[in-house]
Amino acid sequence: MRSIMKREVKNYMKSPLLWLGIAIGVFMVFQNISPYLNIHYLRAGETIVNDYPQNYRDGDVFDGYVPTEKVLRREKWEERIREILVSESEMENVEAQSVIDEMKEMDFKTACAHLEEYGFYDAYYEYENTAYHKGTREEINSYISEKLENRAFSYYFSRKFADFAGLFMGFFATVLLSVLFMQDTRRNTYELLHTKPVSAGKYLSGKVGGGFSVCLIICAVLNLIFFGICLVSTRNSSFEVHLMDFLFASVLYILPNMLMIVSVYSLISLLFKSPLPAVPFLFLYIVYSNMGSRNAEGIYGYYGRPLAIMVRFPGDFFDTAPPPMALLNQSFLILAAICIIFLSMQIWKRRRVY
């Protein structure tokens, strides 16, 4: 098993494709997460200038936005509803204000249902648009300080890293591991391997272990590079940066996905005596994993999917959270990968020549 694993790792380490892919991955991930490295406490007289609206559902702190307090958010939402009723529903100001007054004592869901009686069905979306507003220097600094009071900066940054690094790793592993079983599934080699005194367990463990080890090495390189980038970029901000945050996020949200990909390659390679059918299947699997859905309120977004091999972290930097049931899904993913590997062993045994 060890000899097979070492051989696979050495073969990949010698391949220029591996190092080229890592370089491309570093560039792609950096392009997506570099804005978060600009987060810092604003100095006296410093402002963040942009052309975005005053209220913005996708506003983030590096653009100068902070969450809108609940009471103020309700006021902004009601004012926006009143403006729309006047401009689009052609109500008089007095009539529109009367509708708003009727909503004052209602909770949010009841108020939305009430507005539907007047033909207004976008109340929830308008409420989402009031989630963040352009903050003053004091508001921005207070917000950053509050979020970093009990958590290190790297806790939040590592989740954004896991989001985009996991996306890159999924596609890169699908391409890279397509040659893992290529040589062994050629007709003459495949038949010869089945006459050798190597057990299914040792063979599959070596191949899967080799492929997974390569993914582990790539992930480790990305972790070290972006830990260093984060450390250097935040040294003037006095933010805490811990390598363990990066490693923890990678172990939870990236590596189980890599194990699933390599196990799928083992099954399909032995089932069809070729790894090539696994390539389109895995690309479709990635698309399935990355698809959004609608929640109970009918709002479209990313909420995760069963046995998905992607864990995305949409949302703003300091409010980033894994999708519901993400940890449970990752656990089932590991279990499913182990079952697939055992199934692959059975297929290997059935085709063995004694």
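Residues numbered from 1 in each chain as written. Predicted model: local features only at pLDDT ≥ 70, side-chain atom pairs only at ≥ 80, totals over all residues. Heavy atoms only, no water.

## Details of the side chain of Asp163
Phase 1 of the analysis: Locating Asp163 in the fold gives a position in helix α8 (residues 153-176).
Phase 2 of the analysis: Since its relative accessible area comes to 3%, Asp163 is described here as buried.
Phase 3 of the analysis: Here the side chain of Asp163 touches Arg312 through a polar contact of 2.3 Å, side chain to side chain.
Phase 4 of the analysis: Excluding its chain neighbours within four sequence positions, the residues that come into contact with Asp163 are Val311, Arg312, Phe313 and Pro314. (Helix = DSSP H or I, 4+ residues; strand = E, 2+ residues; numbered from the N terminus. Buried < 20%, exposed > 50% of the residue type's maximum accessible area, 1.4 Å probe, protein only. Polar contact = N/O pair within 3.5 Å; in protein donor to acceptor, adjacent residues only side chain to side chain. Contact = heavy atoms within 4.5 Å.)

## Quick notes on a positive patch on the surface
Phase 1 of the analysis: Positive charge collects at one region of the surface, where Arg2, Lys6, Lys10 and Lys14 lie side by side.
Phase 2 of the analysis: Secondary-structure assignment places Lys14 in the loop between α1 (2-13) and α2 (16-33).
Phase 3 of the analysis: Exposure remark for Lys14: the relative accessible area of 67% places this residue in the exposed category. (Patch = residues over 30% accessible without salt bridge, like charges linked within 9 Å, V, L, I, M, F, W, Y side chains within 5 Å. Areas by Shrake-Rupley, 256 points an atom, 1.4 Å probe, with all protein chains shown as cover. Salt bridge = Lys/Arg side-chain N within 4 Å of Asp/Glu carboxyl O. Lys, Arg positive; Asp, Glu negative; His and termini not counted. Charge placed at Lys NZ, Arg CZ, Asp CG, Glu CD.)

## Describing a nonpolar patch on the surface
Phase 1 of the analysis: A contiguous nonpolar patch, built from Leu307, Met325, Leu328, Phe332 and Leu335 and spanning about 480 Å² of accessible area, is present on the exposed surface.
Phase 2 of the analysis: Within the secondary structure, Phe332 is located in helix α14 (residues 326-350).
Phase 3 of the analysis: Judged by relative accessible area, which is 46%, Phe332 ranks as partly exposed.

## Digging into the nonpolar core
Phase 1 of the analysis: Grouped together as the largest cluster of nonpolar side chains are 81 residues, with contacts concentrated most on Ile39, Phe157, Met169, Leu177, Ile218 and Phe318.
Phase 2 of the analysis: The element best represented in this core is α8, accounting for 13 residues.
Phase 3 of the analysis: Within the second largest apolar cluster, 16 residues are counted, among which are Met91, Val99, Ala123 and Tyr127. (Core = buried A, V, L, I, M, F, W, Y, C linked by side-chain atoms within 4.5 Å.)

## Things to note about the pattern of salt bridges
Phase 1 of the analysis: Applying the stated rule across the entire model yields ten salt bridges.
Phase 2 of the analysis: The partner of Glu138 in a salt bridge is Arg137, and the shortest N-O contact between them spans 3.6 Å.
Phase 3 of the analysis: Glu138 sits in the exposed class, given a relative accessible area of 52%.
Phase 4 of the analysis: Using a relative accessible area of 29% as the deciding quantity, one classes Arg137 as partly exposed.
Phase 5 of the analysis: Residues Arg312 and Asp163 are paired through a salt bridge, measuring 2.3 Å at the closest nitrogen-oxygen approach. Remark: Asp163 occurs in helix α8 and Arg312 occurs in the loop between β4 (300-301) and α14; sequence separation between them is 149 residues.
Phase 6 of the analysis: Ionic contacts of the salt-bridge type, sharing partners, join the residues Arg74, Glu78 and Lys104 into one network.

## Describing unusual backbone geometry
Phase 1 of the analysis: We note that Ser238 has phi near 60°; this positive angle belongs to a residue other than glycine.
Phase 2 of the analysis: On the secondary structure map, Ser238 appears in the loop between α10 (200-233) and α11 (243-253).
Phase 3 of the analysis: One non-glycine residue, Leu307, lies in positive phi territory at about 60°.
Phase 4 of the analysis: Structurally, the position occupied by Leu307 is in the loop between β4 and α14.

## Describing the packing of α8 against helix α13 (residues 278-289)
Phase 1 of the analysis: The N-to-C vectors of α8 and α13 enclose an angle of 175°; their axes lie 10 Å apart at closest approach. Between α8 and α13, the angle falls in the class roughly antiparallel. Only Val279, Leu282, Phe283 and Ile286 of α13 make contact with α8, whose side of the interface consists of Gly170, Phe171, Thr174 and Val175.
Phase 2 of the analysis: Grouping the constituent residues of the contact of α8 with α13 by class yields six nonpolar, two polar and no charged. (Axes fitted to C-alpha atoms, helices over the stretch in contact; angles between N-to-C directions. Parallel < 35°, antiparallel > 145°, perpendicular 65-115°, else oblique. Nonpolar A, V, L, I, M, F, W, Y, C, P; charged D, E, K, R; others polar.)

## A word on the confidence of the model for the chain
Phase 1 of the analysis: Here the chain averages 86 in pLDDT, while 92% of its residues score no lower than 70.
Phase 2 of the analysis: No element of the chain has a lower mean pLDDT than helix α9 (residues 187-193), which averages 52, and none a higher one than α11, which averages 96. (pLDDT = per-residue confidence, 0-100.)

## A short note on a negative patch on the surface
Phase 1 of the analysis: Taken together, the side chains of Asp101, Glu102, Glu116 and Glu117 present a region of like negative charge at the surface.
Phase 2 of the analysis: Its location among the elements puts Asp101 in helix α4 (residues 93-103).
Phase 3 of the analysis: The class for Asp101 is partly exposed, based on a relative accessible area of 42%.

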